[in-house]
Amino acid sequence: MKGRGLRTYAIGYLIFLYAPIFLLPLFAFNDSKIIAFPLSGFTTIWFSEMWNDAQMWNALRNSLTISTSTAVLATIFGTLAARASTRFEFRGKAGALGLIMLPLVLPEMIVSMSLLVVLLAIGVPLSILTVILGHVLICTPFSVAILTSAFQSLDKSLEEAAYDLGETPFSTFRLIILPLVMPGIISSLLICFTISLDEFIIAYFLAGADTVLSSYIYSQFRFPARVPAMLALGTILVLVSVVLLTIAEYFRRRGIAKTGGKDTGGFL
Amino acid sequence: MGQGASPGRASTSANPGARAGLMLISPTLTYAVLLLAAPLATVVIYSLLTGGRGQITWDFTFANYAEVWTGPVYRAIMLRSLTVALGVTCVTVLIAYPIAYFVSFNVEPSRKSLWLFLITIPFWTSYLIRVFLWKVILGYNGVVNSGLMGLGIIDEPLQWINYNVGALIMTLAHAYAPFAILPIFVSLEKIDRSLLEAGQDLGESKLRTFWRVTLPLSMPGVIAAVLIVFIPTIGDYVTPDLIGGGKLPMIANMMEVQMLKVNNKALGSAIAVSAMFVVAIIAVGFVLLNRRFLGPQK
């Protein structure tokens, strides 16, 4: 009886969570410049307007460059830190990890402003490169978190068996450890890619004259006539993120199954 | 162990392991030191210098802090940020707890990760667009007003739902909901179910068992949820800008104005440091108030 009440509440909660996202395609296909009820008719004009927008493609290219570089760099940094923290004990470990994970609990505005101050002081020109620097900083903690659980579920005796059979540390890592944590690495790449693609504050303040997708969308929100096309773009972006996350979740679960662990839940 | 071909690496003796660990972590650590610690230190130093009109001079002063802490505009904005962040935190955690409880206690183990996945998906999908959608939903001519007017429930648009602190809280509570659920869920999962049975065997009602056993044992998760929601929301930039229409600035918007528009980096830095200080004080105070829940258990 109590369970049923909670279940109703949970379903209501999911509706609250998803309601805004369901409005996105509703108004992206609505034949009106004004985002309000009643709906006036079906159209794909906003999608073609978005598709023929050269600035959007330019921003998308920049965003993809940033997200791909960020995902690779953050995952490399994440792998190193996660391996170090799960396999070895050393002095200052807690402090080092604390600093690496700090962006997780620091408002992004502070990360972005402090980086901006230093970049301007040194005289580094703002571009998509500086955005990558900032994004790697905020994505690395997520990568560390995902890969720590991947490395933790490794059975240490597999590694020791490899040493006993004459493998070097490097070949052991390549032949035994890497394949076992591969699902975690793929999951980390996808999550970092998604975070970077979605991120706004750092991209907005550190990109200089370059536009990326999120700052482009933000700038277009100021013109009411451009809003429907942005909702069309948003619909596609949400679809892409959901697909990427589903793949990431698939690999995360497969990784846990592979190492014989028990699934305890989400990404964080 | 340690009898293999390369005992130096396989052994767990402190020294070689420590060196390998440090070597492994050093690239990531160097990156964080150069791009996080050093910039934060720069901001702290800047906040003690004299600035204005794009220039920074090496005159040490506390004038920036005096202005941030006594100026009525800054105080109003700081108070608004705190109100919004506290409001969002309360709403989010109160709404999230039953969900975490439901997934942990009422959902079959095999379906738990599906529920968690469903809860986390909206969090990863375009933050900017979600915030904008709330503006569209709650706006004067927005979805709610046009929908209710179309149904004939109201005659003119409701004004109390848009461009106010309540709308900011609503939007942010929606954005950070999954952040609150996950830590609470993890702490509920750790509770030994036999403790609950013991409570009921000893004659406690379900409600009292919850109050005296489940809730205290899940407090570490609640505390983590409070911190993980409170800290980023107080520094939110997008929501005050889009939902508040620029009329309800919060700390982050004030930082942008000083750093970039007025171009007084010293004052902007003082705002940033003050914000971090306030957040740290509240976070530490909150943890200390609840330390009896964090003690002996794992």
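Residues numbered from 1 in each chain as written. Chains lettered and ligands numbered in written order. Predicted model: local features only at pLDDT ≥ 70, side-chain atom pairs only at ≥ 80, totals over all residues. Heavy atoms only, no water.

Visitor: Even after reading the chapter, I still don't get the overall build of chain B, so can you show me in this structure?
Guide: Looking only at helices and strands, chain B features 14 helices and 2 strands. In terms of C-alpha radius of gyration, chain B reaches 25 Å, well past the compact-globule figure of 19 Å for 298 residues. Residues classed as buried in chain B amount to 53% of the 298 residues present. Accessible surface computed for chain B: about 13,800 Å², of which carbon and sulfur atoms make up 67%. Of the side chains in chain B, 20 bear a positive and 13 a negative charge, and the two mean positions are spaced by 7 Å. (Helix = DSSP H or I, 4+ residues; strand = E, 2+ residues; numbered from the N terminus. Rg over C-alpha atoms; globule rule 2.2 N^0.38 Å. Buried < 20%, exposed > 50% of the residue type's maximum accessible area, 1.4 Å probe, protein only. Areas by Shrake-Rupley, 256 points an atom, 1.4 Å probe, with all protein chains shown as cover. Lys, Arg positive; Asp, Glu negative; His and termini not counted. Charge placed at Lys NZ, Arg CZ, Asp CG, Glu CD.)

Visitor: Just checking my understanding: could you explain the pattern of salt bridges for this structure?
Guide: All names here are of chain A. Taken as a whole and assessed by the stated rule, the structure comprises 8 salt bridges over all chains. Here Arg-87 ties to Glu-159 by a salt bridge, and the two come within 2.9 Å at their closest N and O atoms. Pair noted here: Arg-87 is in helix α3 (residues 54-87) and Glu-159 is in helix α7 (residues 156-164), with a separation of 72 residues, a long-range link. The same class applies to Arg-87 as to Glu-159, namely buried. Among the salt bridges present, the one from Lys-93 reaches Glu-89, with a minimum N-O distance of 3.3 Å. Judged by relative accessible area, Lys-93 falls into the buried class, the value being 14%. The structure contains a network of salt bridges with shared partners spanning Glu-49, Asp-53 and Arg-226. (Salt bridge = Lys/Arg side-chain N within 4 Å of Asp/Glu carboxyl O.)

Visitor: I tried to follow the side chain of Lys93(A) on my own but got confused; where do I start?
Guide: All names here are of chain A. By the secondary structure assignment, Lys-93 is in helix α4 (residues 93-101). There is a polar contact of 3.0 Å between the side chain of Lys-93 and the backbone oxygen of Phe-88. Excluding anything up to four places from it in sequence, Lys-93 contacts Ser-85 and Phe-88. (Polar contact = N/O pair within 3.5 Å; in protein donor to acceptor, adjacent residues only side chain to side chain. Contact = heavy atoms within 4.5 Å.)

Visitor: So what exactly am I meant to see when it comes to the packing of α3(A) against helix α6 (residues 128-152) of chain A here?
Guide: Helices that pack against each other are described as a pair by the angle of their axes relative to one another and the distance between those axes. All names here are of chain A. The N-to-C vectors of α3 and α6 enclose an angle of 40 degrees; their axes lie 6 Å apart at closest approach. By the angle between their axes, α3 is oblique relative to α6. Crossing angle aside, the handedness with which α3 passes α6 is right-handed. Across the contact of α3 with α6, the residue classes break down as 14 nonpolar, 14 polar and 1 charged. (Axes fitted to C-alpha atoms, helices over the stretch in contact; angles between N-to-C directions. Parallel < 35°, antiparallel > 145°, perpendicular 65-115°, else oblique. Left-handed = near helix turned anticlockwise from the far one by under 90°. Nonpolar A, V, L, I, M, F, W, Y, C, P; charged D, E, K, R; others polar.)

So, to be careful, I would describe these as geometric facts and stop short of saying anything about function.
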